[in-house]
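# Fold and geometry: a report
Here are the chains, one letter per residue:
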Amino acid sequence: MKVKLHGTRGAYPTSSTNNQTYGGNTSCIEVINGKERIIVDAGTGILGIDFNTSYKSERIDILLTHLHMDHIQGLAFCKPLFNPNKEVHIWGPGGSPESLQTRLNRFLSPPLFPIALRDIPSKLSIQELPSTTFTIGNFVISAEYISHPGPTVGFRIQCGSKTVAYLPDHEPVIGKAHLFPEDDWVSGFNLAYQSDLLIHDSQYSKKEYMNKVGWGHSSLDIAAEFCSRTKAKHLLLFHHDPAHSDDERTQMFENFMRKVNYDFPIELAVQGDEIEV
Amino acid sequence: MPAHEIEIILSRQLADCLTVPVFIVDPEGTLIFYNEPAEEILGKKFQETGPMPIGDWGTLFFPQDEDGNDIPPEELPLVQTIQNKVPAHKTFWIKALNGKATKISVTSIPIIGRSKNFSGAMAIFWDNEVIG
């Protein structure tokens, strides 16, 4: 299994020259197993996917963690949606009095977008995520609600013996320096437990977080503590704040790494990277 | 052990920030969390006890009605909320650790999250002397 990072940025896309090291596109990854691929989140990173060569089959699956703009902004310009020969399955969280389709339609309709969702030419299937495990091809996927404002899920994607956990927007504990001591009181624990690769929110430094409590994001410190607690084997720090230059982000990461001594690899997610799991 | 549903975890986070006693139970009535003010009522610390079945916690604070009769666990608001999945409220007397009887009001609410599953209930104890 392989993970390709198409967008690692949080909040909004940036084209600044100061943000080219980690990339300017917002959240989108592809999980790849041979010819099978699923797309997770549809931030502007989805626009970097080469659908002509990578998606020969009719069917395309796009999983959404939630509907904040940085996770759906690329959907409106995603080429397969405008191809009548394509069958696009969009999976996203329910948990609202309005259906997923209605909520997506708020963005994919005038005045925010010229074409209404009902007029999109592809064969569109919009499915609210089940609370049970489901499969797409050989991928076995679990989705669970996690701590972030609005209906938000994280994903655990298993293929063969390997597992990737994806929690790009997650504040596992609100306003506290550490997670609760008991594992069963940790948001997202089931998703990340013993995963081979954990892709996790890490938008802030520890100091910054104290002024952003309840905004739904993690510090580097909490992300690493969460990885350690869940016994995940590799941490990829995700959802970089576009307000930081990449030099500042690198400095923040290096300062953090000097203070800690975890026994698993920790890296900053880089747009365009492919990670073998 | 699998983690609790997110709405239960967030209920604990809220309880952790409050100065009134808060109790959280799972759908079976097991007391799965109580905050520091609640520890003063139970005379036990959550870190020491961990979860407690209903038979253990239901009588710990000696609930009594106006006439001094013991109130059985099944008549406590939290237990009624677990049974009926609706809010419940009751005013009664409890005996604090120092032996002093205190008149309290208890309000309990069901916890039903986005998955629409009944995940448990939480109760807030209010000391009527404080507002009096």
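Residues numbered from 1 in each chain as written. Chains lettered and ligands numbered in written order. Predicted model: local features only at pLDDT ≥ 70, side-chain atom pairs only at ≥ 80, totals over all residues. Heavy atoms only, no water.

### Some points on the packing of aromatic side chains
Just so we agree on the cut-off: Ring geometry is summarised as follows: Phe, Tyr and Trp rings, the Trp one being its six-membered ring, pair when their centres sit within 6.5 Å, and such pairs are stacked at plane angles under 30 degrees, edge-to-face over 60 and tilted between the two. Helix numbers and strand numbers start at the N terminus; a helix is a DSSP run of H or I with at least 4 residues, a strand a run of E with at least 2. Here, a charge over a ring means that NZ of Lys or CZ of Arg falls within 6 Å of the ring centre while also lying within 35 degrees of the ring normal.
Per the stated rule, a full pass over the model turns up 13 aromatic pairs over all chains. Summarising the aromatic geometry, the rings of Phe33 of chain B and Phe46 of chain B are spaced 5.0 Å apart at their centres and angled 75° between planes, so their arrangement reads as edge-to-face. Of this pair, Phe33 of chain B sits in strand E2 (residues 31-34) while Phe46 of chain B is found in helix H3 (residues 46-49), placing the two residues 13 residues apart along the sequence. Taken together, the ring pairs connect Trp185 of chain A together with Phe23, Phe33, Tyr34, Phe46, Phe61 and Phe125 of chain B into an aromatic cluster. Note that Arg12 of chain B overlies the ring of Phe180 of chain A, its terminal NZ or CZ placed 3.8 Å from the centroid. One cation-aromatic arrangement involves Arg12 of chain B over Trp185 of chain A; the distance from NZ or CZ to the ring centre is 5.0 Å.

### Here's the deal with the pairing of strand E4 (residues 101-112) of chain B
All names here are of chain B. Just so we agree on the cut-off: Pairing between two strands requires that DSSP report at least two bridges joining them.
Where strand E3 (residues 88-95) lies against E4, eight bridges are found, and the strand directions are antiparallel. Note that in E4 the partner of Trp93 across the bridge is Lys103. Pairing of E4 with strand E5 (residues 118-127) involves nine bridges; the strand directions are antiparallel. When the sheet's bridge partners are listed, Val106 is paired in E5 with Phe125.

### Here we look at the pairing of strand E11 (residues 197-201) of chain A
Residues and elements named next belong to chain A. Where we set the bar: A 1.4 Å probe rolled over the protein chains alone gives each residue an accessible area, and that area as a share of the maximum for its type sets the label: buried under 20%, exposed over 50%, partly exposed in between.
With respect to burial, E11 is a largely interior element, five of its five residues being buried. Both strand E10 (residues 162-167) and E11 contribute to a ladder of four bridges, which runs parallel. Residue pairing for E11: Leu167 is matched across the bridge by His200. Looking at chain direction, E11 and strand E12 (residues 235-238) are connected through four bridges and run parallel. In the sheet register, Leu198 faces E12, and the bridge partner there is Leu235.

### Some points on the sheet that holds E4 of chain B
Residues and elements named next belong to chain B. Applicable threshold: An axis is simply a line fitted to the C-alpha atoms; with a helix, the fit covers only the stretch in contact. Between two such axes, the angle follows the N-to-C directions and lies from 0 to 180 degrees. Residue contacts are defined here by distance: any two heavy atoms, one from each residue, within 4.5 Å place the two residues in contact.
Across the sheet, five strands lie side by side as E2-E1-E5-E4-E3; this open sheet has antiparallel pairing. In this open sheet, the two strands that pair with only one neighbour each are E2 and E3. Strand-to-strand, the axes of this sheet are offset by a mean angle of 25°, without reference to chain direction. Across the sheet, helix H5 (residues 77-84) is in contact with strand E1 (22-25), E3, E4 and E5; its angle to E5 comes to roughly 160°.

### Quick word on the interface of chain A and chain B
For clarity, the cut-off: Salt bridges are defined as contacts in which a side-chain nitrogen from Lys or Arg sits within 4 Å of a carboxyl oxygen from Asp or Glu. Any N or O atom pair separated by 3.5 Å or less is treated as a polar contact, with the protein-specific requirement of one donor-capable and one acceptor-capable atom, and with residues adjacent in sequence counted only for side-chain atom pairs.
Across the boundary between the two partners, chain A contributes 20 residues, which contact 17 residues of chain B. If you look at where chain A meets chain B, you find two salt bridges. Counting the contacts that link chain A with chain B gives eight residue pairs in polar contact (both at pLDDT 80 or more).

### Some remarks on the nonpolar core
Our working definition: Among the buried residues, those of types Ala, Val, Leu, Ile, Met, Phe, Trp, Tyr and Cys that are joined through side-chain atoms within 4.5 Å form a nonpolar core.
Core analysis: the largest hydrophobic core is formed by 66 residues, its most contacted members being Phe155 and Ile199 of chain A. With five residues, the top contributor of residues to this core is E5 of chain B. Contacts of Ile199 of chain A, omitting those with residues within four sequence positions, involve Val3, Leu5, Ile29, Val164, Ala165, Tyr166, Leu167, Pro168, Leu236 and Phe238 of chain A. In terms of nonpolar packing, the next biggest core, distinct from the first, is built from 27 residues, Leu198, Ala232, Leu237 and Phe256 of chain A among them.

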